Amino acid sequence: MSDTQAPELQTLVKAWKAARERLDAAGIDQPVIDARLMLEVAADATRTDIITDPHRLLTPQQAATLDDYLTRRAAREPVSHILGRKGFWKIMLSVNSHVLTPRPDTETLVEMALRSFPEPMAFNVLDLGVGSGAILLSILAERPAAKGLGIDVSEDALAVARENAANLDLAGRCALLRGDWTNGLGDATFDLVVSNPPYIATAEIETLEPEVRDHEPRIALDGGPDGLDAYRLLAPEILRVLKPGGMFAVEIGHTQSAAVEALFKAAGASNVETSKDLSDRQRVVAGAKNPLEIRG
Ligand code: GLN
């Protein structure tokens, strides 16, 4: 080893440039952002450090870590799995391959829920298929008088949600329980019910990006032959567990608005409407349970 030269140490700015070039060459969609996110963690640098201290040197260990991240990313592993975390709304969440990585699209659902339940309100919220806890914990983080229940069929997902609830100091205001949708809830009722259920048609899964197809949990994606299986089950159940006057909001695939609206209307929901996400695609179906007892 004595005749090998020590490799030249890289600066933050050079490491970033080399990283994005490598990701770009590998055909990665957003090489600039991905390179920066991985450099920040590998080099223990903030976004500001990269700008204000661009000539800081990476240690050999940091360079090796970054190299490992880039190799994994070039093989289409999601950044969220490589780093084990993902920012969503105003919180940072731990994630792994047992939960759907939170998407910006889903922030539309959070925004709608927060609009309907202003800050001082005390209310209870049910999240069906809670996954990482992204939706439920975002709502609880901004509504200090609210309480929540998150249900998931996967113990591995619940472990992630529990870790996130604890990290965000929200464990005292939410219960995270294993369950098959609403089975086992008995006659508990809620002011707000939210869900981002699986909604991709089974046959479409093979056409998804490798990051999703090969790395994210099928159980959180596969919505059956037409993608609507979960809504068929959930629409009547959500109406059952809502308090009179309560509200629901569910995420949908962008072509599913009419079908999902029809399912909730058939289940007796009122004020059913679809909202668009920031990419102008139909993304959330919301509605209410009539405050008047109209049965009988
Ligand atoms: N929005 C996700 C995707 O397109 C799917 C999420 C879901 O099925 N709930 O990958």
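Residues numbered from 1 in each chain as written. Predicted model: local features only at pLDDT ≥ 70, side-chain atom pairs only at ≥ 80, totals over all residues. Heavy atoms only, no water.

**Q** Residues and numbers for the pairing of strand β2 (residues 91–94), please.
**A** The sheet contact formed by strand β1 (residues 85–88) and β2 spans four bridges and is antiparallel. Within β2, the position partnered with K86 by the bridge is L93. Here β1 folds back onto β2 in antiparallel fashion, the turn holding two residues, of which W89 has a positive phi close to 50 degrees. (Pairing = 2+ DSSP bridges. Helix = DSSP H or I, 4+ residues; strand = E, 2+ residues; numbered from the N terminus.)

**Q** Pulling in residues and values, what's your account of the pattern of salt bridges?
**A** For the coordinates displayed, the defined rule picks out 23 salt bridges. The salt bridge partner of R76 is E211, with a shortest N-O separation of 2.8 Å. Pair noted here: R76 is in the loop between α4 (60–74) and α5 (79–83) and E211 is in helix α9 (residues 210–213), with a separation of 135 residues, a long-range link. On the basis of relative accessible area, R76 is assigned to the partly exposed category, the value being 21%. A residue is classified by how much of its surface remains accessible, and E211, at 12% relative accessible area, is buried. Residue D191 is joined to K243 by a salt bridge in which the shortest nitrogen-to-oxygen separation is 3.4 Å. One end of the pair, D191, is in strand β6 (residues 190–195); the other, K243, is in strand β7 (residues 242–251), and 52 residues separate them in sequence. Owing to a relative accessible area of 27%, K243 belongs among the partly exposed residues under this scheme. (Salt bridge = Lys/Arg side-chain N within 4 Å of Asp/Glu carboxyl O. Buried < 20%, exposed > 50% of the residue type's maximum accessible area, 1.4 Å probe, protein only.)

**Q** Any chance you could break down the site of the ligand for me, citing the residues and the numbers?
**A** The environment of the ligand is made up of L100, R103, N196, P197, P198, Y199, I200, V212, A220, L221 and E251. A distance of 2.9 Å separates a nitrogen atom of the ligand from a polar atom in the side chain of Y199. Separating an oxygen atom of the ligand from a backbone N or O atom of A220 is a distance of 3.4 Å. Calculation on the ligand without its partners gives an accessible area of 300 Å², and the protein chains cover 87% of this total. (Near = heavy atom within 4 Å. Polar contact = N/O pair within 3.5 Å; in protein donor to acceptor, adjacent residues only side chain to side chain. Areas by Shrake-Rupley, 256 points an atom, 1.4 Å probe, with all protein chains shown as cover.)

**Q** So what's going on with the sheet that holds strand β8 (residues 270–276)? Which residues, and what values?
**A** Pairing within the open sheet is mixed, and its seven strands lie in the order β5-β4-β3-β6-β7-β9-β8. Edge positions in the sheet fall to β5 (174–178) and β8, since each of these pairs with one other strand and no more. Mean inter-strand twist for the sheet, computed between neighbouring axes without regard to direction, equals 15 degrees. The sheet contact formed by strand β4 (residues 147–152) and β5 spans five bridges and is parallel. What sits directly across from G150, in β5, is L176. Seen against the sheet, helix α7 (residues 134–142) touches β3 (124–128), β4, β5 and β6 and runs at an angle of roughly 175 degrees to β4. Against the sheet, helix α11 (residues 257–266) engages β7, β8 and β9 (282–288), with an angle of about 160 degrees to β8. (Axes fitted to C-alpha atoms, helices over the stretch in contact; angles between N-to-C directions. Contact = heavy atoms within 4.5 Å.)

**Q** Give a description of the nonpolar core that names residues and reports values.
**A** By size, the foremost hydrophobic cluster in this structure holds 31 residues, and its most contacted members are I139, L176 and L192. Of all elements in the fold, only β2, α6 (107–116), α7, α8 (155–167), β5, β6, β7 and β9 reach the threshold of two or more residues within this core. With six residues, the single largest contributor to this core is α7. Once residues lying within four places of it in the same chain are set aside, the contact partners of L176 are V130, L136, G150, L158, A161, R162 and A165. (Core = buried A, V, L, I, M, F, W, Y, C linked by side-chain atoms within 4.5 Å.)

**Q** If you had to explain α4 to someone new, which residues and values would you point to?
**A** Given a rise of 1.5 Å per residue, 15 residues ought to cover 21 Å, and the 21 Å separating the end C-alpha atoms of α4 matches this to within 8%. Buried within α4 we find Q62, T65, L66, Y69, L70 and R73. For α4, the buried positions fall inside an angular range of 135 degrees around the axis, keeping them on one side. In this structure, α4 carries P60 and Q61 as exposed residues pointing more than 90 degrees from its buried face. (Expected span 1.5 Å × (residues − 1). Arc of directions from axis to C-beta.)

**Q** Lay out the side chain of E261 in plain terms, naming residues and giving numbers.
**A** Looking at where E261 falls in the secondary structure, it is placed in helix α11. Taking the relative accessible area as the measure of exposure, E261 reaches 15% and is therefore buried. In this structure, E261 is in contact with V272, E273, T274 and V285, ignoring residues within four places of it in sequence.

**Q** Residue-level account of the packing of helix α10 (residues 229–241) against α11, with values.
**A** Working note: a packed helix pair is described by the angle between its axes plus the distance between those axes. For the pair α10 and α11, interaxial distance at closest approach is 8 Å and the crossing angle is 35 degrees. As for how α10 packs across α11, the hand of that crossing is right-handed. Contact with α10, carried on its side by Y231, R232, A235, I238 and L239, involves V260, L263 and F264 of α11 and no other residues of that element. The residue makeup of the contact of α10 with α11, split by class, is seven nonpolar, no polar and one charged. (Left-handed = near helix turned anticlockwise from the far one by under 90°. Nonpolar A, V, L, I, M, F, W, Y, C, P; charged D, E, K, R; others polar.)

**Q** Tell me about α8, and name the residues and values.
**A** Residue pairs three or four apart in sequence face the same way in an α-helix, which turns once every 3.6 residues. Here α8 contains 13 residues, and its C-alpha end-to-end distance of 18 Å stays within 8% of the 18 Å for a straight helix at 1.5 Å per residue. For α8, the full list of buried residues reads A157, L158, V160, A161, N164 and A165. With its buried residues spanning 160 degrees around the axis, α8 presents them on a single face. Those residues of α8 that are buried lie in contact with β2, α7, β4 and β5. Where α8 ends, the next residue or the one after it, D169, has phi of about 60 degrees, a positive value.

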